[in-house]
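# Per-entry structural report
Given next are the chains, with one letter for each unit.
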Amino acid sequence: QVQLVESGGGLVQVGGSLRLSCVVSGTIFSIYTMGWYRQAPGKQRELVATLTSADDTNYADSVKGRFTISRGNAKNTVYLQMNSLTPEDTAVYYCYADLKRSLWNGRGDYWGQGTQVTVSS
């Protein structure tokens, strides 16, 4: 089994910062991409940021210059540093991984349970 466990969400005031963490555990052969998506009430889930095994990053336009995605030394951990938060950043943030569990398994998308980020004005 593969598990993605997020942490670091919470309540923060406008202009504040939060750092989200996600640890991927279980039987893993290779991780190709890790990242973060978010879903606000009444809206579809949207990409926030992704990081490939080649260290290529991709950010949503709405978070460029404010959010930074990075990988831990253990390579199975991904972080999202969020600065200058606004009420529009309020959402459930989901960790995502595109990985292969073994040499004989195909690649698949895996998701965490989500962590709530609330930005108060």
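Above this text you will find the structure in question.
## A closer look at the pattern of salt bridges
Taken as a whole, this structure holds 6 salt bridges when the rule is applied. Its salt-bridge partner being Glu 46, residue Arg 38 comes within 2.7 Å of it at the nearest N-O pair. Judged by relative accessible area, which is 6%, Arg 38 ranks as buried. We note a salt bridge from Arg 107 to Asp 98, for which the minimum N-O separation is 2.5 Å. You can call Asp 98 buried: its relative accessible area is 10%. Each of Arg 38, Glu 46, Arg 66 and Asp 89 takes part in salt bridges that share partners, so that together they form one network.

## Examining the sheet that holds strand β8 (residues 77–82)
Across the sheet, 4 strands lie side by side as β1-β3-β8-β7; this open sheet has antiparallel pairing. Edge positions in the sheet fall to β1 (2–7) and β7 (67–71), since each has one partner strand and no second. Along the sheet, successive strands turn relative to each other by an average axial angle of 15 degrees, direction set aside.

## A word on the state of the cysteines
Each disulfide consists of a covalent bond between the sulfur atoms of two cysteine residues. Summed over the entire model, instances satisfying the criterion amount to 1 disulfide. Across a sulfur-sulfur distance of 2.0 Å, Cys 22 and Cys 95 are joined as a disulfide pair. The disulfide joining Cys 22 to Cys 95 has a torsion of about -85 degrees about its S-S bond and is therefore left-handed. In this pair, Cys 22 is assigned in strand β3 (residues 18–26) and Cys 95 in strand β9 (residues 91–100), connecting sequence segments 73 residues apart. As far as the burial class goes, Cys 22 and Cys 95 line up, both buried.

## Re the packing of aromatic side chains
Enumeration according to the criterion identifies 3 aromatic pairs in this entry. Seen from their ring centres, Tyr 37 and Tyr 96 are 5.6 Å apart, and the 65 degrees between their planes marks the pair as edge-to-face. Here Tyr 96 lies in strand β9 and Tyr 37 lies in strand β4 (residues 30–39), a separation of 59 residues in the sequence. Of the residues examined, Tyr 96 reaches a relative accessible area of 10% and is grouped as buried. Here the aromatic rings of Tyr 37 and Trp 111 are separated by 5.1 Å at their centres, their planes lie at 70 degrees, and the arrangement is edge-to-face. With a gap of 74 residues between them, Tyr 37 in strand β4 and Trp 111 in strand β10 (residues 107–111) connect regions that are remote in the sequence. Classification of Trp 111 by relative accessible area gives partly exposed; the value is 35%. In this structure, Arg 45 packs its charged tip against the face of Tyr 94, placed 3.7 Å from the ring centre. Arg 107 extends its terminal NZ or CZ atom over the ring of Tyr 32, reaching a point 3.7 Å from the ring centre.

The rules behind these values
Residues numbered from 1 in each chain as written. Predicted model: local features only at pLDDT ≥ 70, side-chain atom pairs only at ≥ 80, totals over all residues. Heavy atoms only, no water. Salt bridge = Lys/Arg side-chain N within 4 Å of Asp/Glu carboxyl O. Buried < 20%, exposed > 50% of the residue type's maximum accessible area, 1.4 Å probe, protein only. Pairing = 2+ DSSP bridges. Helix = DSSP H or I, 4+ residues; strand = E, 2+ residues; numbered from the N terminus. Axes fitted to C-alpha atoms, helices over the stretch in contact; angles between N-to-C directions. Disulfide = S-S within 2.5 Å. Phe/Tyr/Trp six-rings, centres within 6.5 Å; stacked < 30°, edge-to-face > 60°. Lys NZ or Arg CZ within 6 Å of the ring centre and 35° of its normal.

Everything listed is a geometric property; what it means functionally is a separate question.
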